[in-house]
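# Residue-level structure breakdown
Given next are the chains, with one letter for each unit.
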Amino acid sequence: MKLMHAPRRRGALEKRKMRQVRIVIVGAGLVGGSAALLAAVAIPGADIILVDAERVRAQAQALDLAHATASWGHDSVRAGDYEDARDADIVVITAGAGVKPGPSRPDPVQVSARMLDDIIDSVAPLAPEAVYVIASNPCDVLAAHALRRLGCARERVISTGTSLDTARLRAMLSKRLGVATPAIDAFVVGEHGDSSLIHWSGALVAGVPLEDYLERSGSELGPASRGLMMRSVHDAGRLSREGKSATHYGIGSCIARICQAIAHNSNLVLPVAVVHAEVEGVRDVCVSLPMVVNAGGAHLPAYPTMDADEREALQQSARMVKDVTDRIAARPAEKVA
Ligand SMILES: NC(=O)c1ccc[n+]([C@@H]2O[C@H](COP(=O)([O-])OP(=O)(O)OC[C@H]3O[C@@H](n4cnc5c(N)ncnc54)[C@H](O)[C@@H]3O)[C@@H](O)[C@H]2O)c1
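Along each chain, numbering runs from 1 in the same order as the chain's sequence is written. The predicted nature of this model means local features are confined to residues of pLDDT at least 70 and side-chain atom pairs, given and counted, to a pLDDT of 80 or more, with totals for whole chains, interfaces and linings taken over all residues. The basis for every side-chain value is the complete set of heavy atoms in the structure, and neither hydrogens nor water enter the calculation.

## Details of the overall build of the chain
From N to C terminus, the chain includes 10 helices and 14 strands. With the C-alpha coordinates of the chain rotated into their principal frame, the extents come out at 55 × 50 × 45 Å. Think of it in three bands: with a 1.4 Å probe and only protein chains considered, a residue is buried below 20% of the maximum accessible area for its type, exposed above 50%, and partly exposed in between. For the chain, buried positions account for 53% of its 337 residues. Residue contacts are defined here by distance: any two heavy atoms, one from each residue, within 4.5 Å place the two residues in contact. For the chain, long-range pairs separated by at least 24 residues make up 70% of all intrachain contacts whose partners lie at least 6 apart in sequence. We count a stretch as a helix when DSSP gives it H or I for four or more residues in a row; a strand needs E for two or more, and each element gets its number in order from the N terminus.

## Side note on the site of the ligand
In this text, near means that some heavy atom of the residue lies within 4 Å of the molecule or strand in question. Around the ligand there are 24 residues in total, and Val31, Asp52, Arg57, Ala135 and Asn137 lie nearest to it. Definition of a polar contact: a pair of N or O atoms within 3.5 Å, with one able to donate and the other able to accept a hydrogen when the atoms are protein atoms, and with sequence-neighbouring residues admitted only if both atoms are side-chain atoms. Note that an oxygen atom of the ligand is positioned 3.1 Å from one of the backbone N or O atoms of Leu30. Contact distances for the ligand include 3.3 Å between a nitrogen atom and a side-chain N or O atom of Thr160. Note on areas: these come from Shrake-Rupley sampling with a 1.4 Å probe, and a residue is covered only by the protein chains present in the view. When the free accessible area of the ligand is taken as 870 Å², the share hidden by the protein chains comes to 80%. When residues of the shell around the ligand are traced back to their parent elements, those giving at least two are α2 (30-42) and α4 (108-123). Residue polarity is assigned by list, with Asp, Glu, Lys and Arg as charged and Ala, Val, Leu, Ile, Met, Phe, Trp, Tyr, Cys and Pro as nonpolar; anything else, Gly included, falls into the polar class. Taken together, the residues of the shell around the ligand sort by class into 12 nonpolar, nine polar and three charged.

## Comments concerning the packing of aromatic side chains
The rule is short: rings of Phe, Tyr and Trp, with Trp giving its six-membered ring, pair when the centres are within 6.5 Å, and they are stacked under 30 degrees, edge-to-face over 60, tilted in between. Under the criterion given, the structure shown has zero aromatic pairs. Between the NZ or CZ atom of Arg170 and the centre of the ring of Phe187, over which it lies, the distance is 4.8 Å. Think of it as a cone above the ring: NZ of Lys or CZ of Arg counts as a charge over the ring if it is within 6 Å of the ring centre and within 35 degrees of the ring normal. The cationic tip of Arg226 hangs over the ring face of Trp200; the distance from NZ or CZ to the ring centre is 5.1 Å.

## Let's talk about the confidence of the model for the chain
pLDDT measures how confident the predictor is about each residue, on a scale from 0 to 100. Looking at the chain, the pLDDT average stands at 92 and 91% of residues meet or exceed 70. Across residues 1-8, confidence stays below pLDDT 50; counting only partners more than four residues off in sequence or on other chains, it has 16 contacts. Low pLDDT, under 50, characterises residues 333-337; the predicted model gives this stretch 11 contacts beyond four residues in sequence or across chains.

## Details of the environment of Arg311
On the secondary structure map, Arg311 appears in helix α10 (residues 308-330). For Arg311, a relative accessible area of 40% translates into the label partly exposed. Arg311 sits 112 residues away from His199 along the chain, and the two C-alpha atoms are 9.5 Å apart. Not counting residues within four places of it along the chain, the set of residues in contact with Arg311 comprises Glu280 and Met306.

## Examining the environment of Ala183
Looking at the element boundaries, Ala183 is found in the loop between α6 (163-177) and β7 (184-185). Each C-alpha atom of the pair Ala183 and Val41 lies 23 Å from the other, and the pair is 142 residues apart in sequence. Not counting residues up to four positions away in its chain, the partners in contact with Ala183 are Leu204, Val205 and Ala206.

## Here we look at the side chain of His299
Tracing the chain through its elements places His299 in strand β14 (residues 297-299). Of the polar contacts made by the side chain of His299, one reaches the side chain of Asn294; its length is 3.1 Å.

## Examining the pattern of salt bridges
Two side chains bearing opposite charge may form a pair once their charged atoms approach each other closely. Salt bridges are counted wherever a side-chain nitrogen of Lys or Arg sits within 4 Å of a carboxyl oxygen of Asp or Glu. In total, this model carries 17 salt bridges according to the counting rule given. When the shortest N-O distance is used, the salt bridge between Asp121 and Arg149 registers 2.5 Å. With Asp121 in helix α4 and Arg149 in helix α5 (residues 139-150), this pair connects stretches of sequence that are 28 residues apart. According to the relative accessible area criterion, Arg149 is partly exposed, its value standing at 43%. A network of salt bridges, in which partner residues are shared, links Arg22, Asp47, Arg78 and Asp84.

## Digging into the packing of α5 against α10
Packing of α5 against α10 brings their axes to within 9 Å, and their N-to-C directions diverge by 45°. Classified by the interaxial angle, the pair formed by α5 and α10 is oblique. Crossing of α5 against α10: the hand is right-handed. When α5 is examined against α10, the residues Asp140, Val141, Ala144, His145 and Arg148 are found in contact with a partner set consisting of Val321, Val324, Thr325, Ile328 and Ala329. Within the contact of α5 with α10, the residues separate by chemical class into six nonpolar, two polar and two charged. Under this scheme, a helix contributes an axis fitted over its contacting stretch, all axes are lines through C-alpha atoms, and angles between N-to-C directions fall in the 0 to 180 degree range. With respect to orientation, any angle under 35 degrees is reported as roughly parallel, any angle over 145 as roughly antiparallel, any angle of 65 to 115 as roughly perpendicular, and every other angle as oblique. Crossing handedness is read from the near helix: turned anticlockwise from the far helix by less than a right angle, it gives a left-handed crossing, and turned clockwise, a right-handed one.

## Some points on α2
A helix is expected to reach a length of 1.5 Å times the quantity of its residues less one. Here α2 spans 18 Å end to end across 13 residues, near enough to the 18 Å set by a 1.5 Å rise per residue. Within α2 the residues assigned to the buried category are Gly32, Gly33, Ser34, Ala35, Ala36, Ala39 and Ala40. Against the buried residues of α2 lie β1 (22-26), β2 (47-51), α3 (55-70), β3 (77-79) and α9 (249-263).

## Re the sheet that holds strand β11 (residues 208-209)
Through backbone hydrogen bonds, the strands of a sheet pair up, either in parallel or in antiparallel fashion. If DSSP finds at least two bridges between two strands, the strands pair. Reading across the sheet, the three strands line up as β7-β10-β11 and stay open at both edges, with antiparallel pairing between neighbours. Since the sheet does not close on itself, it has two edges, and those belong to β7 and β11, each with one partner. Judged from the two bridges that link them, strand β10 (residues 204-205) and β11 form a sheet pairing that is antiparallel. What sits directly across from Val205, in β11, is Val208.

This is the structure in structure tokens:
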């Protein structure tokens, strides 16, 4: 495929450097609360507003977070409503529709899409230049749905995508190889879900291609270990939920890092998703690749070089996301029963 390097956009943040960065987090549950805490620490001075369908929950989270951030010298998290989203620079969506799959229940993806429509319709007129960060699941499908609803530039609607999966992979590789995570440049790409893949052929450790690194350092990472790592990435969320009913610190940290890259216009390279014009022959699909994130959103600087197996797996992953995205687009949203 042929890709154009997206020009760096001048976002709302660049135009309004003098005022506080405003981040609105819609969904003040476990993920929203964790994201708010880490964003408050990562972006001192940011104005962070928690909005929730249950106002009392947002207020309780903000109260707890005020006590947490006080130790760090910040006083930046508050509860609000949609009116507080006016001129927001970043809108993070962490609301959970809370519908379990089952024969007598409505399609949970349709319900989540409808929830997202309501949120976007409330926020978009107030924050026309915001960059959106979608973490609610299924995040890639919902980001594609949000882009269609917003009708804005594709760079401005970011799915957290495989940022969490990549963090999980790097944590495992770090332990296995005895190298700190910042020296591990390895990405999980594709869907945030079971069809994602590890881009092994592009992995670097301490600036050295992984295969060379293993040979020269005398380390071992055979096919069985790699397969186990992939399964561990896929199963990590399930394991967390079995033990503590949720997974939220990891994704909260990823959200904060994405917000920091937008707020500081820092051109960080992060594994997130936008709706790409084409990925391995699949058109208009939201899957993760290593993206440059700055005040204008997320841009693909260069399509990754992958081997044939990886390209095939990425194509399958892209098809899975595209199928669900098209299904949601084709059917009118259902009401929650
Ligand atoms: N992308 C990822 O990697 C990742 C990882 C973990 C969780 N998640 C997703 O994040 C979402 C939130 O998870 P959680 O554990 O925080 O759930 P949670 O139940 O703790 O919180 C969800 C919150 O959303 C609120 N809410 C529901 N509908 C709303 C609406 N229309 N407007 C505003 N608020 C609304 C609820 O009142 C609740 O406070 C879920 O969709 C979950 O699957 C994503």
